Amino acid sequence: SPQVVWDMLGNRQFCSYKITTKTQNFCRNEYNLTGLCNRSSCPLANSQYATIREEKGRCYLYMKTIERAPFPRRLWERVLLSKNYEKALEEIDENLIYWPRFIRHKCKQRFTKITQYLIRIRKLTLKRQRKLVPLRRKIERREKRREEKALVAAQLDNAIEKELLERLKQDTYGDIYNFPIHAFDKALQQQDAESESESDAEKEEEDEDADKREFVEADDSDLSDFEDMDKLETSSEEEREEEDEEKVSHSRSKGKTPLKGPARRKRPYIEIEYEEEAEPATKSKAA
Amino acid sequence: APPKPVPKTIENQREYDETTVDPNDEEVAFDEATDEFAPYFNRQTVPKILITTSDRPRGRTVRFCEQLSTVIPNSHVYYRRGLALKRIIPQCIARDFTDLIVINEDRNVPNGLVLSHLPDGPTAHFRMSSVRLRKEIKRRGKEPTEHTPEVILNNFTTRLGHSIGRMFASLFPHDPQFIGRQVATFHNQRDYIFFRFHRYIFKSEKKVGIQELGPRFTLKLRSLQKGTFDSKFGEYEWIHKRREMDTSRRKFHL
């Protein structure tokens with residue numbers, strides 16, 4: 001009758017435990033010894049069969065004999081094996097004495113495999129284990145958006161520049177950076193230069209008068225005014241050139257100018273308007 | 001026409017946090033003089049940092065660790081070959097390390113940072129995002145030099161923010177070398193801490209140019225523990241509880 005069973009299920013008709021793949025057939029039956037679908041390892045097609053199964057870290061030997069075939073409830077007999085590896089092998093031997101070689105051999109092999117993976121489990125639980133935390137998509141998206149908006153709101157470059165200038169003002173850098181010209185004087189100089197560069201004579205006069213007016217009220221001498229005016233007009237070009245060179249040499253002497261292009265552009269527009277001849281001269285000199 | 005009103009921003013409308021630090025607060029000053037960073041701020045200890053990763057770091061994380069170690073002076077990168085943190089910590093303390101940084105990575109991308117001050121100092125656990133390595137930063141400068149950088153901490157207002165800020169400050173040596181002209185910035189904005197590393201140059205008294213070098217990343221604080229890293233028995237000073245703390249758009253904790 002087991003032969004009949006095999007003829008029906010194993011070979012020809014449908015067996016629900018059988019899984020076919022390209023190269024092999026597997027058996028999903030939990031009492032299967034090897035896991036493959038063979039004539040000799042099918043628990044349904046052999047009336048005398050044995051397996052090793054483990055439960056909660058302990059291994060049991062399951063046996064099935066012909067005598068109990070009509071009693072499905074009592075079909076599988078279960079024997080607890082000892083924890084000691086060699087002793088358990090002996091127990092398998094004495095339980096399966098007079099059983100076919102194939103089943104004995106495969107049982108012992110399976111038992112070995114099972115003990116090995118149990119040992120591995122115990123070792124791994126002692127080490128640290130990776131905890132997989134699932135990501136919540138909505139939250140991830142929310143955080144990402146908030147981060148982007150915070151980045152925009154932060155305006156990091158400006159903040160850093162401001163902080164650095166603050167530190168410069170509060171003298172944390174000591175004497176390393178010498179900007180000897182005080183901010184006020186520099187502004188005044190720039191203002192003077194601007195006023196001179198503009199070609200409108202009226203504006204020139206106006207500005208100069210405005211400056212001079214303040215000056216005059218302090219000094220009260222007209223002659224000196226005229227002298228100054230002359231000096232300024234004639235030496236204005238030289239002054240500007242000098243200023244140019246100074247500025248260029250200043251920034252060059254610092255070492256690396258990070259942004260050369262914008263630096264040139266950002267300097268006061270004074271230079272661009274007048275004296276295109278002077279510019280290439282300064283460039284060649286500095287280079 | 002009436003004058004244009006000041007536009008409402010989230011920073012303007014931020015809910016008032018009662019733990020905001022007042023610059024003149026004595027209690028806070030006293031606390032800070034006696035907490036775990038006092039030896040650093042009194043210049044008794046020199047920071048020495050150990051940077052490590054989680055198990056089996058992938059290439060990107062390794063490169064990020066290297067770059068981070070160039071940014072932070074006096075830092076060393078060690079591989080973690082399956083060692084438990086609890087066992088590393090006594091060894092670190094024995095070898096005089098002051099801080100431990102663990103970068104956790106997932107799928108070849110660093111996504112977490114654990115920063116712990118060693119002689120039983122606080123441990124902060126951050127989530128790290130948008131990490132850019134040096135080669136991915138556009139318009140960057142050359143390699144950072146060995147000079148110690150300056151540190152800028154922006155916007156750490158509350159008590160919690162203050163302690164985190166001090167933690168960051170204690171990573172860097174106290175005396176920056178101004179010759180190096182390098183600055184590391186931790187900028188807190190709406191609970192996100194942006195880290196940048198720049199080289200600056202003063203073009204004039206009113207203008208400064210900055211050039212970004214070095215990696216950049218953003219951190220978000222997840223938890224702050226009182227002692228050194230201990231996930232089971234540690235005493236948590238602050239944990240980010242999403243249900244309670246993420247409800248209002250205008251409430252921030254750092």
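Residues numbered from 1 in each chain as written. Chains lettered and ligands numbered in written order. Predicted model: local features only at pLDDT ≥ 70, side-chain atom pairs only at ≥ 80, totals over all residues. Heavy atoms only, no water.

Under an unreviewed UniProt entry, the name given to chain B is Ribosome production factor 1, and the source organism is Chloroceryle aenea. Quoted verbatim from the Function (unreviewed entry) field of UniProt, the annotation for chain B is "May be required for ribosome biogenesis." Within the UniProt record for chain B, the comment given under Subcellular location (unreviewed entry) is "Nucleus, Nucleolus". (UniProt positions renumbered as here; feature names shortened; annotations may be inferred.)

Under an unreviewed UniProt entry, chain A has the name MAK16 protein and belongs to Chloroceryle aenea. Listed under Subcellular location (unreviewed entry) in UniProt, the entry text for chain A is "Nucleus, Nucleolus". On record in UniProt, under Sequence similarities (unreviewed entry), the comment for chain A is "Belongs to the MAK16 family."

Once that is clear, we can look at the overall build of chain A. For chain A, the helix and strand inventory stands at 11 helices and five strands. Buried residues in chain A amount to 26% of all 287 residues. For chain A, the share of sequence-separated contacts (at least 6 apart) that also reach a separation of at least 24 residues comes to 39%. For chain A, the computed accessible surface area is about 21,200 Å², with 51% contributed by carbon and sulfur atoms. (Helix = DSSP H or I, 4+ residues; strand = E, 2+ residues; numbered from the N terminus. Buried < 20%, exposed > 50% of the residue type's maximum accessible area, 1.4 Å probe, protein only. Contact = heavy atoms within 4.5 Å. Areas by Shrake-Rupley, 256 points an atom, 1.4 Å probe, with all protein chains shown as cover.)

Quick look at the interface of chain A and chain B now. Facing the 39 residues of chain A at the interface are 42 residues of chain B. For the pairing of chain A and chain B, the buried interface totals around 3,900 Å² over both sides, and the portion due to carbon and sulfur atoms is 57%. At the boundary of chain A and chain B, one finds six salt bridges. Residue Glu140 of chain A is joined to Arg127 of chain B by a salt bridge in which the shortest nitrogen-to-oxygen separation is 3.2 Å. Counting across the interface, chain A meets chain B through 10 residue pairs in polar contact (both at pLDDT 80 or more). Elements represented by at least two residues in the side of chain A that touches chain B include exactly helix 4 (137-154), helix 5 (156-169) and helix 6 (183-197) of chain A. (Buried area = accessible area lost by both parts, 1.4 Å probe. Salt bridge = Lys/Arg side-chain N within 4 Å of Asp/Glu carboxyl O. Polar contact = N/O pair within 3.5 Å; in protein donor to acceptor, adjacent residues only side chain to side chain.)

Another aspect to go through is the pattern of salt bridges. Evaluated as defined, the whole model comprises 16 salt bridges over all chains. Residue Glu77 of chain A pairs with Arg68 of chain A through a salt bridge whose shortest N-O separation is 3.5 Å. Classification of Arg68 of chain A as buried rests on a relative accessible area of 19%. Here Lys226 of chain B ties to Glu237 of chain B by a salt bridge, and the two come within 3.2 Å at their closest N and O atoms. With Lys226 of chain B in the loop between strand 10 (216-225) and strand 11 (236-239) and Glu237 of chain B in strand 11, the pair connects residues that are 11 residues apart, well separated along the chain. Under the relative-accessibility criterion, Lys226 of chain B is labelled partly exposed at 37%. On the basis of relative accessible area, Glu237 of chain B is assigned to the partly exposed category, the value being 43%. Through salt bridges that share partners, Glu140 and Glu143 of chain A together with Arg127 and Lys220 of chain B make up one connected network.

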